[in-house]
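Structural overview for review
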Amino acid sequence: MKGYRQYFLRKLGWFLVTFVFAFLLNFILPRLMPGDPVAAIVARYAQGMSNTSGVQKIYEQYTELFGTNKPMLEQFFIYVKNVAQGDFGFSFSQYPRTVADVLKSAIWWTIWLQFPAIIVGWIIGNTLGALAAYLKGGFDKVLMPISIFISNFPQFGMAVILLVIFGVTLNWFPTSGGYGFDLMPSFTWSFLWSVIVHYQLPFWSIVLIAIGGQAIGMRSMAIYELNADYVKYSRFLGIKDRKIVGYVFRNAMLPQVTGLALSIGTMVGGALVAEIIFSYPGLGTTLLNGVMGQDYPLISACTLIITMMVLSANFIIEILYGLIDPRIKAAQAD
């Protein structure tokens, strides 16, 4: 137990150090972007005004409101205090909406799209990879090239292919949006059916990419484990093949669990391209709008969410590994 405590504290220390550096970059990098977002807001609200002193007065009011007239160090401490209270301020590009309100309306679209897609892709990919390693023969010869081909597709490539084939050519599914533009969000069958139909293309564009990578990883690990000495010794002792295969695939799953945790952690950043291509109303489209509008608070909030998800997923999987992986347990005991 003492060894595990030291292991836990070491991982926690690295988590905190990484978070501090990521938090600093999360604050600094958006503010290094060229341009003045406050000037864009003033130009929008001061249209038709010919009085330059009035426009200047409006500009000064907005710089004071957003705090962009303060020194960078003072802005940072204000930012830390506000984030600790869950306040990300106002969105520059969607003023007077707050960043929290913008994220609240977008994050659930991303979670309900990408979390099921990653889980489904992980399950199907690992099942196919395990079958390819165990059955070999024609199944493996067909699955392996297809998996390599699909896994090397960029996210936008798969999304565009599905969009062109099923959205434009066959016209089976809509090409953009999270629901019909003529509908209002409500718990009616017409709205729910529209959400389901719009869900299909972005969902499968993520699933297909995940299947290819997971199948390759699981096949390689399963083949390695099937040729391990303990498998040969177990067969020599006359242990049933079904029992041996159970141990083999349980050991082969350990790296795949790590891949699942990282996929979940990076789902906000890894598959945002699909949301942007299909104009899906999730964090991907929100982040793109924030970058285009030089929206510092919105960009910082989105990237902070991505950072926390990645770091938390890594930390949780490291802690779980210390409990379930016998090799790490042995190292702790030593």
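A brief structural summary.

Here is what the cut-offs are and how they apply
Residues numbered from 1 in each chain as written. Predicted model: local features only at pLDDT ≥ 70, side-chain atom pairs only at ≥ 80, totals over all residues. Heavy atoms only, no water. Helix = DSSP H or I, 4+ residues; strand = E, 2+ residues; numbered from the N terminus. Contact = heavy atoms within 4.5 Å. Axes fitted to C-alpha atoms, helices over the stretch in contact; angles between N-to-C directions. Parallel < 35°, antiparallel > 145°, perpendicular 65-115°, else oblique. Left-handed = near helix turned anticlockwise from the far one by under 90°. Nonpolar A, V, L, I, M, F, W, Y, C, P; charged D, E, K, R; others polar. Buried < 20%, exposed > 50% of the residue type's maximum accessible area, 1.4 Å probe, protein only. Patch = residues over 30% accessible without salt bridge, like charges linked within 9 Å, V, L, I, M, F, W, Y side chains within 5 Å. Areas by Shrake-Rupley, 256 points an atom, 1.4 Å probe, with all protein chains shown as cover. Salt bridge = Lys/Arg side-chain N within 4 Å of Asp/Glu carboxyl O. Polar contact = N/O pair within 3.5 Å; in protein donor to acceptor, adjacent residues only side chain to side chain. Phe/Tyr/Trp six-rings, centres within 6.5 Å; stacked < 30°, edge-to-face > 60°.

1. Section: the overall build of the protein
Helix and strand counts for the protein stand at 15 helices and 0 strands. Of all intrachain contacts in the protein linking residues separated by at least 6 positions in sequence, the fraction that spans at least 24 positions is 74%.

2. Brief notes about the packing of helix α6 (residues 137-151) against helix α8 (residues 189-226)
Closest axis-to-axis distance for the α6/α8 pair is 8 Å, and the angle between their directions is 125 degrees. Relative to α8, the element α6 lies oblique. In the packing of α6 onto α8, the handedness of the crossing is left-handed. Contact with α6, carried on its side by Asp 140, Met 144, Ser 147, Ile 148, Ile 150 and Ser 151, involves Leu 208, Ile 209, Gly 212, Gly 213, Ala 215, Ile 216 and Arg 219 of α8 and no other residues of that element. Tallied by class, residues from the contact of α6 with α8 come to 7 nonpolar, 4 polar and 2 charged.

3. Description of the environment of Tyr 280
Turning to its location among the elements, Tyr 280 is positioned in the loop between α12 (272-277) and α13 (283-292). Exposure remark for Tyr 280: the relative accessible area of 2% places this residue in the buried category. Note: C-alpha distance between Tyr 280 and Trp 109 (171 residues apart in sequence) is 8.0 Å. Beyond its immediate sequence surroundings of up to four residues, Tyr 280 is in contact with Trp 109, Leu 113, Gly 177, Gly 178, His 198, Tyr 199, Pro 202, Glu 275 and Thr 285.

4. A word on the packing of helix α5 (residues 99-135) against α6
Where α5 meets α6, the closest approach of the two axes is 7 Å, and the angle between their N-to-C directions is 135 degrees. Between α5 and α6, the angle is such that the two are oblique. Judged by the sense of rotation from one axis to the other, the crossing of α5 with α6 is left-handed. Between α5 and α6, the residues in contact are Leu 128, Gly 129, Leu 131, Ala 132 and Leu 135 and Gly 137, Phe 139, Asp 140 and Leu 143, respectively. For the contact of α5 with α6, the per-class residue count stands at 6 nonpolar, 2 polar and 1 charged.

5. A few points about a nonpolar patch on the surface
Residues Trp 14, Val 17, Val 20, Phe 21, Leu 24, Leu 25, Ile 28, Leu 29 and Leu 32 make up a contiguous nonpolar surface patch of roughly 890 Å² in combined accessible area. Within the secondary structure layout, Val 17 lies in helix α1 (residues 2-31). The exposure class of Val 17 is partly exposed, given its relative accessible area of 40%.

6. A few points about the side chain of His 198
Within the fold, His 198 resides in helix α8. A distance of 3.5 Å separates a polar side-chain atom of His 198 from the backbone oxygen of Ser 176. With residues near it in sequence (within four places) discarded, His 198 still touches Pro 174, Ser 176, Gly 177, Gly 178, Tyr 179, Gly 180 and Tyr 280.

7. Looking at the packing of aromatic side chains
Considering all chains together, one arrives at 9 aromatic pairs under this definition. Between Phe 76 and Phe 77 the ring centres are 5.8 Å apart and the planes differ by 65 degrees, which places this aromatic pair in the edge-to-face class. Classification of Phe 76 by relative accessible area gives buried; the value is 17%. An aromatic cluster of three or more residues is present, and its members are Phe 19, Phe 23, Phe 76 and Phe 77.

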